[in-house]
Amino acid sequence: MGELIVVLSFALVMLILIGGFWVTYPVTRRLGSYLERLIEEKRNGADAASRIESLQAELLDLQEEVRLLAEHQAFSQSLLADREKSPRLTAARSRPDDF
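In short, a report on the structure. Since the structure is predicted, the reported quantities are computational estimates derived from the model, not experimental observations.

Turning to the overall build of the chain, a few remarks are in order. Each helix and strand counted, the chain has 1 helix and 0 strands in total. Per-residue burial for the chain yields a buried fraction of 0% across its 99 residues. Surface accessibility of the chain: about 9,900 Å² in total, with carbon and sulfur atoms responsible for 65%.

Our next topic: the pattern of salt bridges. The full count for this structure, using the stated rule, is 3 salt bridges. For E40, the salt bridge is made with R43, and the minimal N-O distance between the two is 3.4 Å. In this pair, E40 and R43 are both assigned in helix 1 (residues 2-85), 3 residues apart and thus about one turn of the helix distant. In this structure E40 comes out as partly exposed when scored by relative accessible area, which is 38%. Close ionic contact of R67 with E64 constitutes a salt bridge, the shortest N to O distance being 2.6 Å. Taken together, the residues R67 and E64, both in helix 1 and 3 residues apart, mark about one turn of the helix. Judged by its relative accessible area of 36%, E64 is partly exposed.

The first and last C-alpha atoms of helix 1 sit 121 Å apart over 84 residues, in line with the 124 Å expected at 1.5 Å per residue. Along its length, helix 1 shows its largest kink, about 35 degrees, at T24, and proline P26 lies within four residues downstream of that point.

Right, let's talk about a nonpolar patch on the surface for a bit. Together, F10, V13, M14, L17, I18 and F21 give the surface a local cluster of nonpolar side chains, amounting to about 620 Å² of exposed area. The topology assignment puts F10 in helix 1. Residue class for F10 comes out exposed when judged on its relative accessible area of 56%.

Definitions and limits used
- Residues numbered from 1 in each chain as written.
- Predicted model: local features only at pLDDT ≥ 70, side-chain atom pairs only at ≥ 80, totals over all residues.
- Heavy atoms only, no water.
- Helix = DSSP H or I, 4+ residues; strand = E, 2+ residues; numbered from the N terminus.
- Buried < 20%, exposed > 50% of the residue type's maximum accessible area, 1.4 Å probe, protein only.
- Areas by Shrake-Rupley, 256 points an atom, 1.4 Å probe, with all protein chains shown as cover.
- Salt bridge = Lys/Arg side-chain N within 4 Å of Asp/Glu carboxyl O.
- Expected span 1.5 Å × (residues − 1).
- Bend = angle between axes of the 7 residues up to and from the residue.
- Patch = residues over 30% accessible without salt bridge, like charges linked within 9 Å, V, L, I, M, F, W, Y side chains within 5 Å.

Spelled out as structure tokens, the structure:
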């Protein structure tokens, strides 16, 4: 009788283990694929955030460059406007015999 209890207990434990694996295996596969998708989405979100930050930094650099170009353009225009308003100086001709 003692041996029968041991054999039946062993069979019951094996049945529970095999049944548990058989039932939980598809569930764990689905859960694993779901978690992989979540990780991939977070990774893509981090990549997108870093790309956005990079684009914002590039945009700020371009804005600074355009500001400097506008400043240089305004300065050049003011020099040209002053040049047109001021009387022209005539260059004195030097004679070779003055030396």
